[in-house]
Amino acid sequence: MIAEELVDLSRLQFAITAMYHFLFVPLTLGLSFILVIMESVYVMTGKEIYKDMTQFWGKLFGINFALGVTTGITMEFQFGTNWAYYSHYVGDIFGAPLAIEGLMAFFLESTFIGLFFFGWDRLSKRKHLMVTFLTALGSNLSALWILVANGWMQNPVGTEFSFETMRMEMTGFTDLLLNPVAQVKFVHTVAAGYVTGSMFVLGISAYYLLKGRDLAFAKRSFAIAAAFGVASVLSVIILGDESGYELGDVQKTKLAAIEAEWHTHEAPAPFTLFGIPNEETMTTDYAVKIPYALGLIATRSTDEEVTGIRELVWQHEQRVRRGIIAYGALQKLRSGDTRIATREEFEAVKKDLGYGLLLKKYVEDPATATDEQIRQAARDTVPKVAPLFWTFRVMVFAGFLMLFIFVAAFWFTAKRTAWNKRWLLRMALWGIPLPWIAAETGWFVAEYGRQPWSIGEILPTHLSTSTLAAGDVAGSLAGFIFFYTVLLVVELFLMFRFARLGPSSLHLGRYHFEETAANG
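Residues numbered from 1 in each chain as written. Predicted model: local features only at pLDDT ≥ 70, side-chain atom pairs only at ≥ 80, totals over all residues. Heavy atoms only, no water.

## Quick look at the pairing of strand β2 (residues 167-170)
- Relative to β2, strand β1 (residues 159-162) runs antiparallel, the two being bridged by four bridges. Bridge pairing in β2 places E160 opposite E169.
- The hairpin formed by β1 and β2 contains four residues between the paired strands, and M166 there has a positive phi angle of roughly 55°. (Pairing = 2+ DSSP bridges. Helix = DSSP H or I, 4+ residues; strand = E, 2+ residues; numbered from the N terminus.)

## A look at helix α2 (residues 25-45)
- Relative to the 30 Å expected for 21 residues at 1.5 Å per residue, α2 spans 31 Å between its end C-alpha atoms, a close match to the ideal helical length.
- Of all the 21 residues making up α2, 16 are buried; the element is thus mostly covered by neighbouring parts of the structure.
- Immediately beyond the C-terminal end of α2, within one or two residues, lies G46, with a positive phi of roughly 75°. (Expected span 1.5 Å × (residues − 1). Buried < 20%, exposed > 50% of the residue type's maximum accessible area, 1.4 Å probe, protein only.)

## Concerning the pattern of salt bridges
- One pass over the structure, following the stated rule, counts 16 salt bridges.
- A salt bridge links R319 to D352, with the shortest nitrogen-to-oxygen separation between them at 2.5 Å. Separated by 33 residues along the polypeptide, R319 in helix α11 (residues 309-334) and D352 in the loop between α12 (340-349) and α13 (353-357) bring together distant segments of the chain. Taken as a pair, R319 and D352 share a single burial class, namely buried. (Salt bridge = Lys/Arg side-chain N within 4 Å of Asp/Glu carboxyl O.)

## With respect to helix α3 (residues 48-81)
- Helix length check: α3 (34 residues) gives 50 Å between terminal C-alpha atoms against 50 Å at 1.5 Å per residue, within 8%.
- For α3, the buried fraction is high: 24 of the 34 residues fall into the buried class.

Remember that the coordinates give geometry; whether it matters functionally is a separate question.
Listed below in structure tokens is the structure:
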């Protein structure tokens, strides 16, 4: 049995590196297509101010991209260092989209980002615009393949366990690529990135407008960010609803934990807007509910039930018991008993093998587990409810607050009065952190919500780690935290420095600080 301390430290290290990395990813995704929009306007109109906008926001994009790459590379190495059994068990499947991401997407964006910065005087307008588009495309393709891999961890389709190799093997790459969970996660995540880029540009442009400088530059940037932001935030909300439907279909336990759905209600189930989950009593105190909402989101119907936690635990207990049978049949097959009857016995319960493996947290041989250990393993299939319940609601609140800011910004920009609404400009400026809050809480919901599985219903997290000393993981964890914090400080310093300078940092001689110096 693996030491629980090692598992917890390995999980914590991966969670921290992922959360740090995801501070940079959304802005890269969002700014890339905002640059495409700005440069397209430059190519169509020939107005130099749009070229200046592309170059200035591109400079901030470049800073963010460089630090995002630095934090991202180490994540993939962790699969070999901290999660060796995971890599052995599913590496042929999980590694395929990551390899494609490196070959198809990462090299594409890394190559063209160099041309973006150094090709302005070497390429025609149209060719440089194509470079900018390919940079943005590479960023989004990178997200696609990473999310295909992550979506498979949540919903492992197109694969099958082989008792001969004791590994998961791919049965259909198309199923892996078209995994509905992966597709929903991709469009939801990239749309969230577009929201992040839009809020970033909107907020910094609002800062210039509040300061009364570089007004022509700021107004145009503000307008583009407002329009792109409205479309993006509406996409996030709509696709969030689609994510709820996919959860109701393939991740019922995560959905029940997010909603603190302790018991199966008569259809359609209400959505709990607010409440205080109590795991001991399996109740939600002071609950404020919206009738029918959860049933409509999760099932797209008024007559299908949303299964509650208590009923799911009972169902999982039955699967654990069948998993014990599967484990026993697997041991017979591995010992050389390949009779047809033994194969048929294993095939009949093979899908529940992962549930049987949950018992290895408590006993070496699942067949020797007591009834209490079986019940405990079933209870382990439900993650802690309160963290999921609250982080989900923080994410949703941040999303709707951003919707208000973008709609107001778009409306008043269309009326050409946004620049005079100081309350709106202040909201846009102080709203800059909102997309990061939403993104980080969203990732927490997605990843914490699938525990105790590293691969949903197939491989428990506690079996996925490498054979390491807990002290080694703790030491590397401390190193990662220190190094990534330094990178974050560098990022914030550079971003604040160039944002305050604004387009004057381009040294074109026609913006605020340069004009002030010339007149002073």
